[in-house]
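Here is what each chain is made of, one letter per residue.
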Amino acid sequence: MSATQYRGQLERKRKQRLDAEKKANEYRAKESKKRADAAAARQAAMKTTSQSTARSKTREAERREDEAKSAGAEASRWAARAAGYSREEATIATRLAKAEQSEAAAAERARKREQQQITRTAAAQQAALSARLSQAETAVERIGRRLPDPRPEKLRILMLGASADGGLRVGREQKRIRAAIETALHRDYVELDVRPAATTEDLLDGIAKFRPHVIHFSGHSNEDSIEFEDEVDEPHVGVIVSARAFANAVRATDQAPILIMLNSCLSSGQLDRLVADVVPFAIGMADEIEDGDAIAYAARFYANVANGQSIHAAHAAGRAALELGGLEGADLPTLAWADDVDPTTAVLVTVE
């Protein structure tokens, strides 16, 4: 990821940490007050000569101590969360420093190359121009091989949703995407294969039988893995699949997909591998993303695809939908593509 993306991650983690620390302090203050109230009630119970008043004050003291204990537990929970965010901040800061160093080195290399180009002779410039023209012709041929003109067939989207612990609104997302496509101009040219409790078998079966142009996954993930469900009915621990195993599964077909969307947390770390070896285009999330943000982005993205827009335009529209809705995750969806394709001209739905 770029230094800009890491800075965004760092700022979000910092905000999460500060919010957690604030909560912890609030609960600590509440705990102190409740303990003081309990002490005052016990002291009042000891001073009174009325037995009924003493019993009442004792019960009040016990209630305040229970409330103090509860506040203390909440304070500890928020403090632990703040500590976790602090550790994540440190990790992101390290990655940011490396990214900045890498970008600075790349900028310096670019500056040196530019200086070398300035000092070239006219003959060398002409030779370089000829070489670049030759490379451009080769690239055009490769694009022609990589992305053939759309055939008169429906765009097939394999939608895989997995939330083994029941914590994500996978069904809601799939419903919103279907509704968005059904109101689009070219809805009749899009076909969905929806699998809401997706297992690894659903992945392989869907690729082999449905031959999707797009694979959409929503669920849990990180930079190195994806979590599918198991064949059980109750909430459970999901099946963790490495990013490499997922890529190999997608590649195991005679008709490779064009686009993979990992609408799941921290999945942008897998994009470079996917566009280098598996598909021309891939979309992932640069950090943890809220359910509502992920759903809003995906619904608008597929609506624009079904309206005949390019992949780049659909991605931009999805991010704009988050901004217009006042959501915080607008900078999280990340589009990556191979060197020999152009997302501004890649259109997934065309009508003759």
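Just so it is clear, the structure is predicted and the values come from calculations on it, not from any experiment.

Thresholds applied
- Residues numbered from 1 in each chain as written.
- Predicted model: local features only at pLDDT ≥ 70, side-chain atom pairs only at ≥ 80, totals over all residues.
- Heavy atoms only, no water.
- Helix = DSSP H or I, 4+ residues; strand = E, 2+ residues; numbered from the N terminus.
- Buried < 20%, exposed > 50% of the residue type's maximum accessible area, 1.4 Å probe, protein only.
- Polar contact = N/O pair within 3.5 Å; in protein donor to acceptor, adjacent residues only side chain to side chain.
- Contact = heavy atoms within 4.5 Å.
- Phe/Tyr/Trp six-rings, centres within 6.5 Å; stacked < 30°, edge-to-face > 60°.
- Axes fitted to C-alpha atoms, helices over the stretch in contact; angles between N-to-C directions.
- Left-handed = near helix turned anticlockwise from the far one by under 90°.
- Nonpolar A, V, L, I, M, F, W, Y, C, P; charged D, E, K, R; others polar.
- Patch = residues over 30% accessible without salt bridge, like charges linked within 9 Å, V, L, I, M, F, W, Y side chains within 5 Å.
- Areas by Shrake-Rupley, 256 points an atom, 1.4 Å probe, with all protein chains shown as cover.
- Salt bridge = Lys/Arg side-chain N within 4 Å of Asp/Glu carboxyl O.
- Lys, Arg positive; Asp, Glu negative; His and termini not counted.
- Charge placed at Lys NZ, Arg CZ, Asp CG, Glu CD.

A. Highlighting the side chain of His-213. With respect to the helices, strands and loops of the structure, His-213 is situated in the loop between α5 (200–210) and β3 (214–221). Assessed through its relative accessible area of 10%, His-213 is described here as buried. Of the polar contacts made by the side chain of His-213, one reaches the side chain of Glu-153; its length is 3.2 Å. Excluding residues that lie within four positions of it along the chain, His-213 makes contacts with Glu-153, Lys-154, Leu-155, Arg-156, Gln-255, Pro-257, Ile-258 and Leu-259.

B. Highlighting the packing of aromatic side chains. Under the counting rule described, the total for this entry stands at three aromatic pairs. Ring geometry for Phe-217 against Phe-228: centres 5.3 Å apart, planes inclined by 50°, an arrangement best described as tilted. One end of the pair, Phe-217, is in strand β3; the other, Phe-228, is in strand β4 (residues 225–228), and 11 residues separate them in sequence. Like Phe-217, the residue Phe-228 is buried in the burial classification.

C. Just the packing of helix α8 (residues 291–306) against helix α9 (residues 311–324), in detail. With their axes 8 Å apart at the nearest point, α8 and α9 run at an angle of 145° to one another. Note on packing geometry: the crossing formed by α8 with α9 is right-handed. In this structure, α8 uses Asp-293, Ala-296, Tyr-297, Arg-300, Phe-301, Asn-304 and Val-305 to contact α9, whose residues at the interface are Ile-311, Ala-313, Ala-314, His-315, Ala-317, Gly-318, Arg-319, Ala-321 and Leu-322. For the contact of α8 with α9, the residue count by class is 10 nonpolar, three polar and three charged.

D. Summary view of a negative patch on the surface. A cluster of acidic residues, Glu-201, Asp-230, Glu-231, Asp-233 and Glu-234, forms a negative patch on the protein surface. Take Glu-231: it is sitting in the loop between β4 and β5 (239–242).

E. Structural view of the pattern of salt bridges. The full count for this structure, using the stated rule, is 23 salt bridges. The residue Lys-33 makes a salt bridge to Asp-37 at a minimum N-O spacing of 3.1 Å. One end of the pair is Lys-33 and the other is Asp-37, both in helix α1 (residues 3–47) and four residues apart, which spans about a single turn. You can call Lys-33 exposed: its relative accessible area is 52%. Using a relative accessible area of 24% as the deciding quantity, one classes Asp-37 as partly exposed. The salt bridge partner of Asp-205 is Lys-209, with a shortest N-O separation of 3.1 Å. Here the residue Asp-205 and the residue Lys-209 both occupy positions in helix α5, the gap between them amounting to four residues, near one helical turn. Linked through salt bridges whose partners overlap, the residues forming this network are Asp-193, Arg-195, Asp-202, Asp-205 and Lys-209.

F. Summary view of unusual backbone geometry. With a phi close to 50°, Arg-211 is a non-glycine residue in the positive phi region. Located in the positive-phi region is Leu-266, a residue other than glycine, with phi close to 60°. Residue Leu-266 is classed as buried on the basis of its relative accessible area of 19%.

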